[in-house]
Amino acid sequence: MEHGPLPARMGLACHKCWKEMDVQLSRCGGCRRISYCGTECRNSDWKAHKPMCKALSSLEKNSFAAATLVSLLPKKPITHIGEIRKLTDRQIAICLTSLQRHPTAVAVEHSWLDSEPRCIVCTRTDMVIRMEAAMNGTMADDTKRLTPCPQCMLSFCCSPEHWEAARKLHQEPSDDLRDGLSQCQMNKFARGQIMFETTMTSWLDRRGQLVWIPQRVKSRWVSLEGVSWEDGFDGEIRKSFGMLAPLPITFLITAASDTLSMAMTILYGLGKLNDDDGWTRKHTLAVHVLGADIKEVSCSRVFEEILHRLPEVKTLKLIMCGPEVPRRDSLDHKICPDCMALGRSYVLEYAAVPYHEFVEKQGNKFERPDLCIGFNSGASQVTWYTWPTTFKLLVERKLPSLFTAYNREEAEGDAAMLRAAGAAFHPALGPALNPWGSMKGVPTAHSVYGFQVENGWLAGGFR
Ligand SMILES: [Zn+2]
Ligand SMILES: [Zn+2]
Ligand SMILES: [Zn+2]
Ligand SMILES: [Zn+2]
Ligand SMILES: [Zn+2]
């Protein structure tokens, strides 16, 4: 979190101490992009903030960038999430290109521009509003700026007309989110979650994740059908963290679900793709993680939960496969004393190549896995990757497979690609909300509804 939690990056909390409550925030006079709680924080942050501040001010004075950004604005409010995303991406690209010409360009990152508050139906930012005013010869003052939704204070509009166009979608229950939450409700929860996680850093790993599994081996496999995160983990997380207050428990389960979701989604998929419970009694259960990267590798401990829910399985064999996987030797993952006493093992292997290359290289030695899983593969979001070749191989070899996505748009895009490769989905496995997707949603500044959720959607499962 080098730029602080989302509210601080959005200018809604102090950029230095991250306080947002009980403080009078004022904007940085240079870039007018971030806020401080007072001169003490402002002064102590200046050395770190200066390059970015200068770069953003120069961007605002760049008349060519201003004209281009303003000319891109839509004439009418847009509520289609894909259209808004495309417009936002073009604007960010223009900003980045202009910033590259500035000597301190390194200070401004894509993610930072992406979290800039925007009108959710026209993509105007405060800077674009000022650029527009300057072009029209009106004073570029701070009275004209985005107004936050009065309830969640995390989604913005540039005018009462645009708020009217967005309000219903923003406030009504969304099919795209767990429990039929609205974007507004999810925003409120997400904000609480973000601020809670800034207070629990001692429990988080270097990537700011909570990697936690309960230390126990269940006596028998119990189907995950109709079970929720709370049913499954509430008592155990209380025990593990020794907390009794009701609110932080939800935040804790949410934080844990963000990584644990990978293990639970594998179990859920196996349950659906198999006709009987035979797989729960196998000696060795093999899972291949396709398109794995540092996220999966850094959380590899959570996959032991698979052993913990399948007491009859002796060995879990996991292969992390993908071009972004670090080159490492296979290892016997250190497991808990209970599993050790039962003579069980968790073998982890790495293959730093796309999956179809891995299978080809293995030749006759290739062992069919019980499941091929791709977490948030984003296959439809990238053009340079080789997913179609992998998809074809999975279908041709009839390998049981499951793919997840961050949200409905990505799930539907990935599903279309999988179908084009010949996949016929299990009816419960896509495109559909994943009951074992993370409870955590990352709000995006540009969207009128929808969120980015780790494994939030199932793009498609087949065998
Ligand atoms: Zn402060
Ligand atoms: Zn500044
Ligand atoms: Zn607007
Ligand atoms: Zn709201
Ligand atoms: Zn164990």
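Bear in mind that the values here come from a model prediction, so they are computed numbers and not experimental data.

1. Some words on the overall build of the protein
Regarding its fold elements, the protein presents 16 helices and 12 strands. Its C-alpha radius of gyration of 24 Å places the protein within 12% of the 23 Å reference for a compact globule of 463 residues. For the protein, the C-alpha atoms occupy an extent of roughly 75 × 50 × 45 Å along the three principal directions. The 463 residues of the protein split such that 55% are buried. Of all intrachain contacts in the protein linking residues separated by at least 6 positions in sequence, the fraction that spans at least 24 positions is 73%. When the accessible surface of the protein is totalled, it reaches about 21,100 Å², and 53% of it is carbon and sulfur.

2. Re the coordination of the zinc ion (ligand 4)
Bound to the zinc ion (ligand 4) on the protein side are C149 (SG), C152 (SG), H170 (NE2) and C184 (SG), at distances that span 2.1 to 2.3 Å. Around the zinc ion (ligand 4) sit four donor atoms, and with donor-metal-donor angles ranging over 106 to 115 degrees the site reads as tetrahedral.

3. What about the packing of aromatic side chains?
For the coordinates displayed, the defined rule picks out 14 aromatic pairs. Ring geometry for W229 and F233: centres 5.6 Å apart, planes at 35 degrees, overall tilted. A residue pair is termed a helical-turn pair when its members lie 3 or 4 positions apart in one helix, as W229 and F233 do in helix α9 (residues 229-241) at four residues. Across the pair, exposure class does not vary: W229 and F233 are buried alike. Sitting over the face of the ring of W112, R33 holds its NZ or CZ atom 3.9 Å from the ring centroid.

4. Things to note about the UniProt feature "domain: MYND-type" (unreviewed entry) in the protein
Per the UniProt record, "domain: MYND-type" (unreviewed entry) is annotated on residues 14-53. Split by type, residues 14-53 is 38% helix and 10% strand. Its first and last C-alpha atoms lie 15 Å apart.

5. Brief notes about the side chain of S57
Position of S57 among the secondary structure elements: in helix α2 (residues 39-61). Overall, the relative accessible area of 15% leaves S57 in the buried class. Within the local environment of S57, its side chain forms a polar contact with the backbone oxygen of G30, the two atoms lying 3.4 Å apart. If we skip the residues at most four places from it in the chain, S57 touches G30 and C31.

6. A few points about the pattern of salt bridges
The final tally for this structure, using the stated rule, is 24 salt bridges. A salt bridge links E412 to R408, with the shortest nitrogen-to-oxygen separation between them at 3.5 Å. Placement of both E412 and R408 in helix α16 (residues 408-420) is noted, with a separation of four residues, approximately one turn of the helix. Relative accessible area serves as the criterion here: at 40%, E412 is assigned to the partly exposed category. Sharing partners across several salt bridges, the network here consists of R216, E236, E305 and R309.

7. Here's the deal with the coordination of the zinc ion (ligand 1)
At 2.3 Å from the zinc ion (ligand 1) lie its protein donor atoms, namely C14 (SG), C17 (SG), C37 (SG) and C41 (SG). Each of the four donor atoms bound to the zinc ion (ligand 1) contributes to angles spanning 100 to 116 degrees, and the resulting shape is tetrahedral. In the primary sequence, the donor residues of the zinc ion (ligand 1) line up as C-x2-C-x19-C-x3-C.

8. Description of the domain arrangement of the protein
Looking at the assigned domains, one finds that the protein contains domain 1 (6-171) and domain 2 (188-462). On the side of domain 2, 13 residues touch domain 1, which itself brings 25 residues to the contact. Across the domain 1-domain 2 interface, the total number found is one salt bridge. A salt bridge links E20 to R191, with the nearest nitrogen and oxygen atoms 2.5 Å apart. Taken together, domain 1 and domain 2 are joined by two residue pairs in polar contact (both at pLDDT 80 or more). When contributions to the side of domain 1 that touches domain 2 are tallied by element, the ones reaching two or more residues are α1 (6-9), α4 (81-100) and α7 (160-171). Considering only residue class, the side of domain 1 that touches domain 2 consists of 15 nonpolar, five polar and five charged.

9. Section: unusual backbone geometry
A negative phi angle is the norm for most residues apart from glycine, just as the trans form is the norm for most peptide bonds. Between G430 and the following residue, P431, the backbone shows a cis peptide bond with an omega angle of -20 degrees. Within the fold, P431 resides in the loop between α16 and β11 (432-433). In this structure, W18 is a non-glycine residue whose phi angle is positive, near 65 degrees. Tracing the sequence through the fold places W18 in the loop between α1 and β1 (26-27). A positive phi angle, close to 70 degrees, is found at T123, a residue other than glycine.

Parameters at a glance
- Residues numbered from 1 in each chain as written.
- Chains lettered and ligands numbered in written order.
- Predicted model: local features only at pLDDT ≥ 70, side-chain atom pairs only at ≥ 80, totals over all residues.
- Heavy atoms only, no water.
- Helix = DSSP H or I, 4+ residues; strand = E, 2+ residues; numbered from the N terminus.
- Rg over C-alpha atoms; globule rule 2.2 N^0.38 Å.
- Buried < 20%, exposed > 50% of the residue type's maximum accessible area, 1.4 Å probe, protein only.
- Contact = heavy atoms within 4.5 Å.
- Areas by Shrake-Rupley, 256 points an atom, 1.4 Å probe, with all protein chains shown as cover.
- Donors = N, O, S within 2.8 Å, 3.2 Å for Na, K, Ca; no water.
- Tetrahedral: all angles 85-135°; square planar, octahedral: opposite > 155°, others 65-115°.
- Phe/Tyr/Trp six-rings, centres within 6.5 Å; stacked < 30°, edge-to-face > 60°.
- Lys NZ or Arg CZ within 6 Å of the ring centre and 35° of its normal.
- UniProt positions renumbered as here; feature names shortened; annotations may be inferred.
- Polar contact = N/O pair within 3.5 Å; in protein donor to acceptor, adjacent residues only side chain to side chain.
- Salt bridge = Lys/Arg side-chain N within 4 Å of Asp/Glu carboxyl O.
- Domains from an automatic or database assignment.
- Nonpolar A, V, L, I, M, F, W, Y, C, P; charged D, E, K, R; others polar.

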